[in-house]
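# Results of the structural survey
Residue strings, one per chain:
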Amino acid sequence: MNEHRLPEDEFAKKMATVLSPSHAIDSVELLKGRDAQLSEIRRAWHQIGRQIFIYGYRGVGKTSLAQTAAHQQQSSDQHPIRVICEENGTFTKVVHDIFCRAFPADPRILKQKLDAAVGLKVGTFSAEMRQSIEAGIPPEPKSINEAVLITKFLMSFHSAHPVIIIDEFDMLKNKSEAAKFASYIKELGDSSINVKFIFCGIGEAIDTFFATHESAYRQFHTVKLERLDFDPRLEIIKSASEALNIFIDKTTALRIARVSDGFPHFIHLICEKLFWIIYEDSPDLKVRADHFERAINNAVSVIEPYLKKPYEKATQTYSNDCEEILWAVADDHQLQRPTKEIISSYERIMRTRGKEPLAKNTFYSRMNQMKTEARDSILIGTRSGWYEFREKMMRGYARMRATQERVELDVEHPLQKKKFQREN
């Protein structure tokens, strides 16, 4: 029996402090591999009016980076404000959500600040706005100018150094609404209002945002977030296992790092499942040969529906011969792969499974079907004869499904030595 074995309640509580598969990280201690980006953000914020836009693939940890950076900048007298955009959201709705979170619980504070006008002329507030504020009801701005005015008023007593996160910005599909945010941020900066913003979205979101208001570039420092490098993946595993007094051998740690595909959520999820299996199955808290496979099975069974549903829609068809094709697309560190390499990977995978590969013309047909809405457009063609997953996190999910079926895929990091020789 391991003398350092924690009681179950303590083990569970401790795990919640070192792994976060269900919520974003907000502390430097848990955020691995993002020191350079945190330093970039900290330096950028020294400039008055400079705001941050973090973009990257879904699941790479944009919210975790945003929350950690926000907690570093936000003064201790308050918490950062975080709002999320919705698919049919508007500028007014999102800004009103910010105002709701910034409103103090005690309406007397508002009355005092209004009377003092906090450096603003009372007359600049319309009668309707003032009535709403005095009643403790966050007003809905009728224009960008009103949004700026209310922001200045609320941020003046929210905290010494307020930070606001606007997450899931890519959900805001209406370009005219995105353009309003660009104008809003520009006016806040030009007015030297004491507030810092972090926007988070996928790559397409930042293109849309700046296309609507070209001069907005001056107000933003952009941070492109990639998948985690290999060393930070191993660091997550090592620090979590050591905190729980669990022994993970190097081979198992490498397998977790590989199958995660650099997405932090997958690392935390697999580790959570694995550590519970070890805790319940090993008196000495040492990993056994079958533990990894069981952890993968458990992780795959609870993975987000937005990954599982399209994957199964694409693979569970009348012919049921498409899953190995997706594994072949994921059989390399490159996100984009030419058809020639995908076929080579596919044929190797089929041999290891003792199955007959599809004829070339049928294979090409299946690949093209993967780009259609009927297969949820799980793949996209990036150029002639090249393919990649539309949702980049799906690539990691495909690797996990392959591992679940005991199919070994090739390395997924450019510095690792290839396991399998490509066929000509």
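Residues numbered from 1 in each chain as written. Predicted model: local features only at pLDDT ≥ 70, side-chain atom pairs only at ≥ 80, totals over all residues. Heavy atoms only, no water.

## So, the layout of surface pockets
In plain terms, the rule: The method works on a 1 Å grid over the protein atoms by themselves. A cavity is a set of points holding a 1.4 Å probe that cannot get out, a pocket is an open set with protein on both sides within 12 Å along at least five of seven lines, and residues with an atom within 4 Å of a point line them. Grid points are joined across faces, edges and corners, and a volume is the space filled by probe spheres set on the points. Only DSSP runs of H or I covering at least 4 residues are called helices, and only runs of E covering at least 2 are called strands; the numbering of each starts at the N terminus. Residues are grouped as follows: Ala, Val, Leu, Ile, Met, Phe, Trp, Tyr, Cys and Pro are nonpolar; Asp, Glu, Lys and Arg are charged; all remaining types, including Gly, are polar.
Roughly 700 Å³ of internal volume is contained in the largest pocket. Contributions of two or more residues to the lining of the largest pocket are made by α3 (62-73), β4 (196-201) and α12 (264-281). Tallied by class, residues from the lining of the largest pocket come to 13 nonpolar, ten polar and nine charged. There is about 380 Å³ of room inside the second largest pocket.

## Observations concerning the nonpolar core
Applied cut-off: Here, nonpolar core means buried Ala, Val, Leu, Ile, Met, Phe, Trp, Tyr and Cys residues that are tied together by side-chain atoms lying within 4.5 Å of each other. In this scheme, a residue with accessible area under 20% of its type's maximum is buried, one over 50% is exposed, and one in between is partly exposed, where area comes from a 1.4 Å probe on protein chains only. Between two residues, a contact is recorded if the distance between any of their heavy atoms is within 4.5 Å.
Within the largest apolar cluster, 83 residues are counted, with the highest numbers of intra-cluster contacts made by Ile-54, Ile-198, Ile-248, Phe-275, Leu-379 and Phe-389. If you tally residues by element for this core, the top one is α12, at ten residues. Apart from the residues lying within four places of it in its own chain, the contact partners of Ile-54 are Ile-41, Lys-62, Leu-65, Ala-66, Ile-198, Phe-199, Cys-200, Gly-201, Val-223 and Leu-225. Within the second largest apolar cluster, 44 residues are counted, among which are Ile-81, Ile-133, Ala-147 and Phe-153.

## As for the pattern of salt bridges
Counted only if it meets this: Whenever Lys or Arg places a side-chain nitrogen within 4 Å of a carboxyl oxygen from Asp or Glu, that contact is recorded as a salt bridge.
Summed over all chains, the structure comprises 27 salt bridges. Here Lys-142 ties to Glu-128 by a salt bridge, and the two come within 3.4 Å at their closest N and O atoms. Residue Lys-142 is located in the loop between α6 (127-134) and α7 (144-158), and its partner Glu-128 is located in helix α6; the two are separated by 14 residues in the primary sequence. When sorted by exposure, Lys-142 lands in the same class as Glu-128, which is exposed. With a closest N to O distance of 3.6 Å, Glu-226 and Lys-224 form a salt bridge. Under the relative-accessibility criterion, Glu-226 is labelled partly exposed at 37%. Salt bridges here are not isolated pairs; linked through shared partners, they connect Asp-281, Arg-288, Asp-290 and Arg-294.

## Details of the state of the cysteines
Which entries qualify depends on this criterion: Criterion for a disulfide: a pair of cysteine sulfur atoms at a distance within 2.5 Å.
With the rule as written, the count across this model stands at zero disulfides. A disulfide-free cysteine, Cys-85 has its sulfur positioned 10 Å from the sulfur of Cys-200, the nearest such atom. When its relative accessible area of 4% is taken as the criterion, Cys-85 is described as buried. The structure places no disulfide on Cys-100, whose sulfur is separated from the nearest cysteine sulfur, that of Cys-85, by 15 Å.

## Remarks on the packing of aromatic side chains
This is how the line gets drawn: Only rings of Phe, Tyr and Trp enter the pairing, Trp through its six-membered ring, and a pair is recorded when the two centres are within 6.5 Å. The plane angle decides the type: under 30 degrees is stacked, over 60 is edge-to-face, the rest tilted. Charges are assigned to positions over rings by a cutoff of 6 Å between ring centre and Lys NZ or Arg CZ, combined with an angular limit of 35 degrees from the ring normal.
Taken as a whole, this structure holds 19 aromatic pairs when the rule is applied. Between the aromatic rings of Phe-169 and Phe-181, the centroid separation amounts to 5.4 Å while the plane-to-plane angle is 85 degrees, which identifies the pairing as edge-to-face. One end of the pair, Phe-169, is in the loop between β3 (163-167) and α8 (175-190); the other, Phe-181, is in helix α8, and twelve residues separate them in sequence. On the basis of relative accessibility, which here comes to 2%, the residue Phe-169 falls in the buried class. Of the residues examined, Phe-181 reaches a relative accessible area of 0% and is grouped as buried. Site record: aromatic cluster; members linked through ring pairs are Phe-53, Phe-91, Phe-169, Phe-181, Tyr-184, Phe-197, Phe-199 and Phe-220. Between Arg-5 and the ring centre of Tyr-279, over which it is positioned, the NZ or CZ distance is 4.3 Å. One residue, Lys-286, lies across the ring of Phe-247, its end atom 6.0 Å from the ring centre.

## Quick word on the environment of Ala-127
Structurally, Ala-127 is set in helix α6. A relative accessible area of 67% means that Ala-127 is categorised as exposed. Linking Ala-127 and Val-95, residues 32 residues apart in sequence, is a C-alpha distance of 20 Å.

## Re the side chain of Asp-331
As a reminder of what qualifies: Counted as a polar contact is a pair of N or O atoms within 3.5 Å, where, for protein atoms, one must be capable of donating a hydrogen and the other of accepting one, and residues adjacent in sequence contribute only when both atoms are in side chains.
Looking at the element boundaries, Asp-331 is found in the loop between α15 (323-329) and β6 (337-338). Of the polar contacts made by the side chain of Asp-331, one reaches the side chain of Arg-348; its length is 2.8 Å.

## Observations regarding the sheet that holds β3
What counts, and what does not: Two strands form a pair only when DSSP identifies at least two bridges running between them. For helices, the fitted axis covers only the stretch in contact; all axes are lines through C-alpha atoms, and the angles between them, taken along N-to-C directions, range from 0 to 180 degrees.
The five strands lie next to each other as β2-β3-β4-β1-β5, forming an open sheet whose pairing is parallel. Of all strands in the sheet, those bounded by a partner on one side alone are β2 (81-84) and β5 (220-225). Direction aside, the axes of adjacent strands within the sheet are offset by 15 degrees on average. As defined by bridge partners, strand β1 (residues 51-56) adjoins β5 across six bridges and the pair is classed as parallel. By the bridge assignment, Gly-56 is partnered in β5 with Leu-225. Its contacts with the sheet put helix α2 (residues 35-44) on β1 and β5, and the angle it makes with β5 is roughly 175 degrees.

## What about the pairing of β4?
Burial analysis of β4 places six of its six residues in the buried class, which makes it a mostly covered element. Across the two faces of β4 the burial is the same, with Lys-196, Ile-198 and Cys-200 and Phe-197, Phe-199 and Gly-201 all buried. The pairing of β1 with β4 spans four bridges and is parallel. Across the sheet, residue Tyr-55 finds its bridge partner in β4, namely Gly-201.

## Observations concerning helix α1 (residues 8-18)
To keep things clear, this is the line we draw: When we speak of the arc, we mean the arc of directions from the helix axis to the C-beta atoms.
Among the residues of α1, those classed as buried are Phe-11, Met-15 and Val-18. What you see down the axis of α1 is that its buried residues fit within an arc of 70 degrees, all on one side. Of the exposed residues in α1, those oriented more than 90 degrees away from the buried face are Asp-9 and Lys-13. Structurally, α1 contributes buried residues whose contacts are with α10 (230-243) and α12.

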